[in-house]
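Geometric and topological summary
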Amino acid sequence: MFRKAFHTRSNIAIRGSDRRKLRSTICEQFPRLDADQVAELTPNKDDMTVMKIITHADCIVYVYCLTGTPVFFQIEKQLYPTVYTLWKHPDLLPSLSTWPPVLDKISGGADLMLPGVVPQNGGLPQLSKGQLCAVALVGNQAAVAIGRASMATVDMVANGMKGRGVQVIHCFKDMLWSIGDKSPLPELPLPNLEVDTQDGNSTNPSSSPEPGNPLPDAGQDEKGLHLDGLSLEDASAGIAGDDVRVGEMEEGEEEDPISASDRMDKLLYQCTLHCLKSSVKSTDLPLLTSNFYRSHIVPCCPEDQTLDMKKTSFKKLSKFLQMLQGQGLLKVKEEKKGIDFIVSVDKDHPDLRSFIVPTSTSETQDPRDSKNQPAASGGGSFEVKLLCGVSGDMLPVLRSSGYSKGDWMTHETLRDAVTNYIRLNDLVDKADAKFVYLDGTLHDALINRSEGYVDKLRWDQLFSRCNGKMTSGYEVLVGGQRSSNPKSVRKGKLQPIQLKIEKKSGNKNVTVIQNLEFYGIEPKEFAHRLQVGVAASSSISQMPGQGSGSQVIIQGKQIRFIETLLTDHYKIPKKHIQGLELAAKTGKKKR
C-alpha cells in the first residue's frame, strides 16, 4: 500500500479529545497492551500529529505520528501498528517468520507466500482468516511487515503450505517507514522457549539458522528439527531450490517452474505474431501503437486466457515494441512526444514465417470481426422484453385468468386475459361489435371519477386504458435466455447505458460508464475487459443516490473502444447507449 509515494492532504496537531479517543480505540483493538503501554505510545506532553494522506491507489489513510515517527495508521475504522511500534512491543501481534531473502520481495510490493514461511517456537501461530499479523525474519523477533492472514492456520497446513499466506499492508523501508526516523532493523532475540526434538533433547530456538545462513548445517540429523510436523529442512528447501515464490500467486495455485510473467510474455508474443500475420495489413500502416495493442493484439488472445500487459515483464507497451524493433520484426517511429506509430512490418521475419495461426481462426478471418467474438453474457442476440405488472385496479379483471397482484405479463397476454373476461361476461355490443359494454368491474378499473359514467368503449380505447392502469416494466434477454437473477424484471422504463467524460484531480480525463447492470453486464468483468483492452487503470465505485448501482471509471477518453466493446461483444444496440457523441472526431489527414 505504501510502496509508492503518497500525497499528504493535511498534517495537524492532535487535539486532547482526539488523543483520548485514540487511546480508547487502541485499548479496544489491541487488548495485549496495558494502560501504561498505551500511555507510552500516546503521551500527553510530547508532540503528536495526525496526517491525512492519499495513497497511489486513492485510499484515504490517517497516520498518527509521535515526534515525527508514525506509530499507528487508520484505514476506515481499523487501526494498524507501524513497524516502529512493533519493534517496541514485538508481542503485540502474532508473527510469521520467513527467510531474509524474502524481505527484498516484500519491499518490492509482493505478499508473503506460504512456501517461504518458517515455523518457529513450536510451530505456526493460530491465525484466523483476515486476522492482523506481523512478519519477521528467522532468528529475529523484530517485525518487517504488517498484514492480514489470507487463510487460517488450519487451512495453511491443509494446503501443504502453498498459496498466499499474508496480504502485506505496510513493511520495513516503504514510504510510511521513510517519514519516520528511518531506524534500521533492530535485533530482537526470540522468546526463550524450548522445543522437543525426536531424540528427547531440548533445543533453544536461538540455535536456528542465522539470518545470513538460511540453510541447516550439513552435519545436522538428516530428519531435521521437526516442529509440529514441519521441519526446518522443508521450510528452507524453497531457498535452496529457488522455489520461494512471493508475488501474485493465487491460493491453491500449484508451483510451476515457469513464472507468471514468463507465461504472460509468451502469450503476448504469440498474440502479436498472430495479429501481424492475420489482421495487420499494409494498408493499415502507419498504425498508432495504442490501436495496435487494443484493436489487433488483444482480439487475438485465446478465449480461455486473458492478456494483461501489466503482468508481463515489460509492464509497458513501449518497452515491448522496443524489443520487437530490436529483433527487426517491425519499425516504430515517434511522430511527436508520446505518440508512436508502427510504420513497417517485416513479413519475412523467421518468427513470423514459422508461426502457424491457430486452427480456430482461419488466416482469412479478421480476429476483430464481431462474428468471431461471442458475447460473454450469453453469446447471442440482445433483446428487451417489455412487460406489465398486475396492479390493484386491474386485479379484479385479471383474477379470472389466474393472475395475482404483482404478477408480470406481456402486453399480448394482457390483451388475451382482458378479452377472455369480456367473452365470459358477454360484454360485446351485439349491435356494433367494435364496442364493449363496461360492467361494474371494468368501469371501476378503467374510468376515473372525473369522467362520470361511461357506458361503453371501443376495443382500442379499452386496451389502451388497460395498459395505462398496469405497472410498466421490462426484462433483458441475452441470447434468448432469461437472466439467472430472480429480480431480472425491473419496474419502469429501461435506462440507457450512460457514457460520460469527467475531469479528475490534476486535470485528467476519465470515462464513466453507468447503468451496466440493467443490461445483465457485470461491472467487475466489464472493467477488467476494458482495462486490458485499452491498457489503462480502471475502478468501480457506487453511483450517487441510494440503490443506484455501480459505475465503472477508466482513465482517458475511451468512448470509441467502449462503443466497440458494447456493440460487438455484448451485442447492445446503439439506441441503448447514450453519450457516443462524446467520442473524439477523427479528421482527415493533411497531405
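As shown above, the structure is provided for reference.
The rules behind each value
- Residues numbered from 1 in each chain as written.
- Predicted model: local features only at pLDDT ≥ 70, side-chain atom pairs only at ≥ 80, totals over all residues.
- Heavy atoms only, no water.
- Disulfide = S-S within 2.5 Å.
- Buried < 20%, exposed > 50% of the residue type's maximum accessible area, 1.4 Å probe, protein only.
- Helix = DSSP H or I, 4+ residues; strand = E, 2+ residues; numbered from the N terminus.
- Core = buried A, V, L, I, M, F, W, Y, C linked by side-chain atoms within 4.5 Å.
- Contact = heavy atoms within 4.5 Å.
- Phe/Tyr/Trp six-rings, centres within 6.5 Å; stacked < 30°, edge-to-face > 60°.

1. So, the state of the cysteines
In protein chemistry, a disulfide is the covalent bond that joins the sulfur atoms of two cysteines. According to the stated counting rule, one finds zero disulfides in the structure shown. Cysteine cysteine 301 is unpaired, with the sulfur of cysteine 271 as its nearest cysteine sulfur at 4.6 Å. Its relative accessible area of 14% is what places cysteine 301 among the buried residues. As a non-bridged cysteine, cysteine 466 has cysteine 388 as the owner of its nearest cysteine sulfur, 9.7 Å distant.

2. A word on the environment of tyrosine 474
When you line up the elements, tyrosine 474 lands in strand 23 (residues 471-478). On a C-alpha basis, the gap between tyrosine 474 and lysine 491 in space is 6.6 Å, while along the polypeptide they are 17 residues apart.

3. Let's talk about the nonpolar core
With 64 residues, the main nonpolar core has Phe30, Tyr64 and Phe73 as its most contacted residues. Aside from chain neighbours lying at most four places away, what touches phenylalanine 73 is Phe2, Val61, Tyr62, Val63, Gln78, Leu79, Tyr80, Pro81, Thr82, Ile169, His170 and Leu176. With 31 residues, the next largest nonpolar core counts Ile297, Cys300, Leu307 and Leu317 among its residues.

4. Side note on the packing of aromatic side chains
Applying the stated rule across the entire model yields 10 aromatic pairs. Here the aromatic rings of tyrosine 84 and tryptophan 87 are separated by 5.5 Å at their centres, their planes lie at 70°, and the arrangement is edge-to-face. Pair noted here: tyrosine 84 and tryptophan 87 are both in helix 3 (residues 83-88), with a separation of three residues, about one helical turn. Looking at tryptophan 87, the relative accessible area reads 11%, which means it is buried. Both rings, one in phenylalanine 172 and one in tryptophan 177, keep their centres 5.3 Å apart while their planes meet at 75°; by these two values the pair is edge-to-face. Taken as a pair, phenylalanine 172 and tryptophan 177 share a single burial class, namely buried.

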